Amino acid sequence: MLEKYVLFDRDGVINQDSDDYIKSPEEWIPIEGSLEAIALLNKNGFKVAVISNQSGIARGYYSLETLDAMHEKMQRLLAAKGGQIEAIYFCPHAPDAGCDCRKPKTGLLEQFSREKNYPLEAIYFVGDSLSDIQAAQSVNAKPLLVKTGKGLKTLSENPHLTIPIFENLYDATTFILTASKF
Ligand SMILES: [Zn+2]
């Protein structure tokens, strides 16, 4: 089977988001159905990579070690469902740092594409924020919006979005699997 990838934002898509940031493994709580969605994708031959802004590191809210611990928890809970995340790309910088990796910039997407030797064109990218959609559109990927996390806020602030919109990651995953059969 040809290797296939899908890209997911993390906070508000895989796990519950918070305006106070997700600062510890304890605060990393999966959204219902999201781990099952990833396991289902894996079972159907898809690999999943995470593309995530983590400015909480630059802000001093948590350390790289703590971020690693959050991701260990994510992978452990996921393994219990029979799934795994293949790679995690994150931007640790502050919004005013001028880096080229913080979404809506495309640096993380390009890093993924380079390291996995995988084209960005037409890859699905599931997010809950306008910055996810913009990053995806900048590289001709296919953005999908979920209503979880900041999704409803994104919808109300951008009522004329013409991209597919889903209740949650599980619903978006069902769409991806169906669309990929044709
Ligand atoms: Zn960055």
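All values derive from a computational prediction rather than experimental measurement.

Rules of the game
Residues numbered from 1 in each chain as written. Predicted model: local features only at pLDDT ≥ 70, side-chain atom pairs only at ≥ 80, totals over all residues. Heavy atoms only, no water. Axes fitted to C-alpha atoms, helices over the stretch in contact; angles between N-to-C directions. Helix = DSSP H or I, 4+ residues; strand = E, 2+ residues; numbered from the N terminus. Parallel < 35°, antiparallel > 145°, perpendicular 65-115°, else oblique. Left-handed = near helix turned anticlockwise from the far one by under 90°. Contact = heavy atoms within 4.5 Å. Nonpolar A, V, L, I, M, F, W, Y, C, P; charged D, E, K, R; others polar. Buried < 20%, exposed > 50% of the residue type's maximum accessible area, 1.4 Å probe, protein only. Pairing = 2+ DSSP bridges. Right-handed = clockwise from strand over helix to strand, strands pointing away. Donors = N, O, S within 2.8 Å, 3.2 Å for Na, K, Ca; no water. Tetrahedral: all angles 85-135°; square planar, octahedral: opposite > 155°, others 65-115°. Expected span 1.5 Å × (residues − 1). Arc of directions from axis to C-beta. Core = buried A, V, L, I, M, F, W, Y, C linked by side-chain atoms within 4.5 Å.

1. Re the packing of helix H1 (residues 34–43) against helix H6 (residues 169–179)
The geometry of H1 relative to H6 is characterised by a closest axis approach of 8 Å and an angle of 20° between their N-to-C directions. In terms of their interaxial angle, H1 and H6 are classed as roughly parallel. Between H1 and H6 lies a crossing whose hand is left-handed. Of the residues in H6, those touching H1 at Ser34, Glu36, Ala37, Leu40 and Leu41 are Leu169, Tyr170, Thr173, Ile176 and Leu177. Partitioning the contact of H1 with H6 into residue classes produces seven nonpolar, two polar and one charged.

2. Focus on the pairing of strand E3 (residues 87–91)
Regular strands have side chains that alternate between both faces of the sheet. Of the two faces of E3, the one lined by Ala87, Tyr89 and Cys91 is fully buried and the one lined by Ile88 and Phe90 carries no buried residue. Judged from the five bridges that link them, strand E2 (residues 46–53) and E3 form a sheet pairing that is parallel. Paired with Ala49 across the two strands is Ala87, which belongs to E3. In this fold, the crossover linking E2 to E3 by way of helix H2 (residues 64–80) has right-handed handedness.

3. Quick word on the coordination of the zinc ion
Under perfect tetrahedral coordination by four donors, a metal shows angles of 109.5 degrees; under perfect octahedral coordination by six donors, it shows angles of 90 or 180 degrees. Every protein donor of the zinc ion is listed here as Cys91 (SG), His93 (ND1), Cys99 (SG) and Cys101 (SG), and their distances to the metal cover 2.1 to 2.3 Å. In this structure, the zinc ion is coordinated by four donor atoms arranged in tetrahedral fashion, with angles at the metal of 101 to 116°. Mapped onto the sequence, the donors of the zinc ion take the spacing C-x1-H-x5-C-x1-C.

4. A look at the sheet that holds strand E6 (residues 165–166)
With respect to topology, six strands assemble into an open sheet ordered E3-E2-E1-E4-E5-E6, the strand pairing being parallel. On the outer flanks of this sheet lie E3 and E6, each paired with one strand and no other.

5. Digging into the environment of Glu72
Looking at the secondary structure, you find Glu72 in helix H2. What makes Glu72 exposed here is its relative accessible area of 56%. C-alpha of Glu72 to C-alpha of Pro25: the two residues are 47 residues apart in sequence and 8.5 Å apart in space.

6. Structural notes on H2
With 17 residues, H2 should reach 24 Å at 1.5 Å per residue; the first-to-last C-alpha distance of 24 Å fits that figure. Within the span of H2, buried status applies to Leu67, Met70, His71, Lys73, Met74 and Leu78. Down the axis of H2, the buried set is contained in an arc of 150°. They therefore lie on one face. Opposite the buried face of H2, by more than 90 degrees, sit the exposed residues Glu65, Glu72, Arg76 and Ala80. The inward-facing, buried residues of H2 contact H1 and E3. Directly after H2, the chain includes Gly82, whose backbone phi takes a positive value near 90°.

7. Considering the nonpolar core
Residues Val6, Phe8, Ile14, Leu41, Ile85, Val126 and Ile176 are the most contacted members of the largest nonpolar core, which totals 29 residues. Broken down by secondary-structure element, the contributors of at least two residues to this core are strand E1 (4–8), H1, E2, H2, strand E4 (124–127), strand E5 (142–146) and H6. Setting aside anything within four residues of it in sequence, one finds Val6 in contact with Leu41, Phe46, Lys47, Val48, Ala49, Ile123, Tyr124 and Ile176. In terms of nonpolar packing, the next biggest core, distinct from the first, is built from 20 residues, Tyr5, Cys91, Leu109 and Val139 among them.

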